[in-house]
Amino acid sequence: MKTRVLATIISILAIILCEGSINSMSAQSPYDVDNSRNGKYVDESRPILITAQFDGDENETLAEYCRYDAQNRIIEYGCITGQFDYETYIRMFKIHYKGEKIDSVQCKEVYCGIASQKMDMIFKKGISFYDQFTGNDIGFILDTDKAPKDLDTKSIASMRAYADSKNDILVRQFAWIYDFSAIKEWDKEKKDKEGILIYSELVDYSNEGDESYKINYSYGYCGDYSTKNIVNTSHTEYEGEVYENERNYIITETYLHTDVDPRGGK
């Protein structure tokens, strides 16, 4: 009888301990992950931060960012949006999960200048970058998406497409391009002896004129960041006159460190 009672007590204690362990795991914040320098490998398909610095500007401008959880799922994403005669915004998303599936996606648009001032916090462990902006920092709050469709939160391309699907007056890449992934073929390309791209050039012709991009590439020693030194020149015809505009800027991309080899294996 005593043995049976003791066994029952041990079983109850085991259940309590197990539930406590589960609750502890579920209570762990996804923001406890260090997205900056931890991990043996660098995954260039997963940028953490993309910034732009224009000639004459001392500070960098936030173009795009990502935050990842322990499963390498995106939990927060943001990208620059705007319109020619509007102030620029960072369209920000906060993704909530229910188990393995996406439960909902919050969205708001924060003034780009304010977001850029705080972008060092993207690397800060234990916080939500999305939650740092309230009140007058926010230009617009969009409806929470409770049924997101065709959203792969392990794909930057999918996140960009999702951001573009928010149909309003503000669009991604409204004035200057930071993402050249849509260009499949360049007019000119140059690679070094190891086959690494170091220069590319493209001229895009339209009814109003032409626009060209000349890009010099460089890479960090560990491969965890790259830079694009861009010369953007456009010619536009108006009332018989041709106007030239040149813009120089540097795009810097910082990539995710991970323990998983992006080429396969561990």
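For the structure, see preceding data.
The structure contained in this document is the topic of the report that follows. Note that the structure is predicted; figures quoted are calculated from it, not measured.

1. Remarks on a negative patch on the surface
At step 1: Together, Asp55, Asp57, Glu58, Glu244 and Glu246 give the surface a local cluster of negative charge.
At step 2: Checked against the element boundaries, Glu246 lands in strand E12 (residues 241–258).

2. Topic: the layout of surface pockets
At step 1: Reported here for the largest pocket is a volume of approximately 620 Å³.
At step 2: Along its surface, the largest pocket is lined by 23 residues, and Glu44, Ser226, Lys228, Glu253 and Tyr255 are the ones closest to its centre.
At step 3: Broken down by secondary-structure element, the contributors of at least two residues to the lining of the largest pocket are strand E1 (41–54), helix H3 (156–164), strand E10 (209–219), strand E11 (225–238) and E12.

3. A word on unusual backbone geometry
At step 1: Backbone geometry at Asn72 places phi at a positive 65 degrees, although glycine is not the residue there.
At step 2: Of note, the phi angle at Asp150 is positive, near 55 degrees, even though the residue is not glycine.
At step 3: Here Asp150 lies in the loop between strand E6 (138–145) and H3.

4. Here we look at the side chain of Asp145
At step 1: As for its position among the elements, Asp145 is in strand E6.
At step 2: Side-chain polar atoms of Asp145 contact the backbone nitrogen of Ala147, separated by 3.1 Å.
At step 3: A polar atom in the side chain of Asp145 sits 2.6 Å from the side chain of Tyr162.

5. A closer look at the side chain of Ser158
At step 1: Within the secondary structure, Ser158 is located in helix H3.
At step 2: A relative accessible area of 13% places Ser158 in the buried class.
At step 3: Apart from the residues lying within four places of it in its own chain, the contact partners of Ser158 are Asp150, Leu151 and Asp152.

6. So, the pattern of salt bridges
Side-chain pairing between opposite charges can occur once the charged atoms of the two side chains come close.
At step 1: Counted under the stated rule, the structure contains 11 salt bridges.
At step 2: The salt bridge partner of Asp137 is Lys118, with a shortest N-O separation of 3.6 Å. One end of the pair, Asp137, is in the loop between helix H2 (112–117) and E6; the other, Lys118, is in the loop between H2 and E6, with 19 residues separating them in the sequence.
At step 3: Asp179 is the partner of Arg160 in a salt bridge, and the nearest nitrogen-oxygen pair spans 3.1 Å. On the criterion of sequence distance, the pair formed by Arg160 in helix H3 and Asp179 in the loop between strand E7 (171–172) and strand E8 (188–191) is long-range, its members being 19 residues apart.
At step 4: Exposure remark for Asp179: the relative accessible area of 11% places this residue in the buried category.
At step 5: One network of salt bridges, with partners in common, ties together Glu64, Arg160, Asp164, Arg172 and Asp179.

7. Examining the packing of aromatic side chains
At step 1: Going through the model one piece at a time under the given rule, you end up with 12 aromatic pairs.
At step 2: Arranged with centres 5.0 Å apart and planes meeting at 85 degrees, the rings of Phe129 and Phe133 form a pair that is edge-to-face.
At step 3: Residue Phe129 is classed as buried on the basis of its relative accessible area, which comes to 0%.
At step 4: According to the relative accessible area criterion, Phe133 is buried, its value standing at 0%.
At step 5: Three or more aromatic residues joined by ring pairs make a cluster, and in this case those are Phe54, Trp176, Tyr178 and Tyr249.
At step 6: In this arrangement the basic side chain of Arg73 is found over the ring face of Tyr97, its NZ or CZ atom lying 3.8 Å from the centre.
At step 7: Over the aromatic face of Tyr130 sits the side chain of Lys108, whose NZ or CZ is 4.1 Å from the ring centroid.

8. Here we look at the pairing of strand E4 (residues 89–98)
At step 1: Taking burial as the measure, the 10 residues of E4 include eight buried ones, the bulk of the element.
At step 2: Where strand E3 (residues 74–82) and E4 come together, six bridges link them in antiparallel fashion. Bridged to Cys79 within E4 is Arg91.
At step 3: One ladder, built from 10 bridges, connects E4 with strand E5 (residues 101–111); its direction is antiparallel. In the sheet register, Met92 faces E5, and the bridge partner there is Lys108.
At step 4: Following E4, the chain reverses through two residues before pairing antiparallel with E5; Gly99 in that reversal takes a positive phi of roughly 70 degrees.

About the thresholds
- Residues numbered from 1 in each chain as written.
- Predicted model: local features only at pLDDT ≥ 70, side-chain atom pairs only at ≥ 80, totals over all residues.
- Heavy atoms only, no water.
- Patch = residues over 30% accessible without salt bridge, like charges linked within 9 Å, V, L, I, M, F, W, Y side chains within 5 Å.
- Areas by Shrake-Rupley, 256 points an atom, 1.4 Å probe, with all protein chains shown as cover.
- Salt bridge = Lys/Arg side-chain N within 4 Å of Asp/Glu carboxyl O.
- Lys, Arg positive; Asp, Glu negative; His and termini not counted.
- Charge placed at Lys NZ, Arg CZ, Asp CG, Glu CD.
- Helix = DSSP H or I, 4+ residues; strand = E, 2+ residues; numbered from the N terminus.
- 1 Å grid on protein atoms, 1.4 Å probe; cavity = no way out; pocket = protein on both sides within 12 Å on 5 of 7 lines; lining within 4 Å.
- Points joined across faces, edges and corners; volume = space filled by probe spheres on them.
- Polar contact = N/O pair within 3.5 Å; in protein donor to acceptor, adjacent residues only side chain to side chain.
- Buried < 20%, exposed > 50% of the residue type's maximum accessible area, 1.4 Å probe, protein only.
- Contact = heavy atoms within 4.5 Å.
- Phe/Tyr/Trp six-rings, centres within 6.5 Å; stacked < 30°, edge-to-face > 60°.
- Lys NZ or Arg CZ within 6 Å of the ring centre and 35° of its normal.
- Pairing = 2+ DSSP bridges.

Everything listed here is a matter of coordinates, which is why it stays silent on function.
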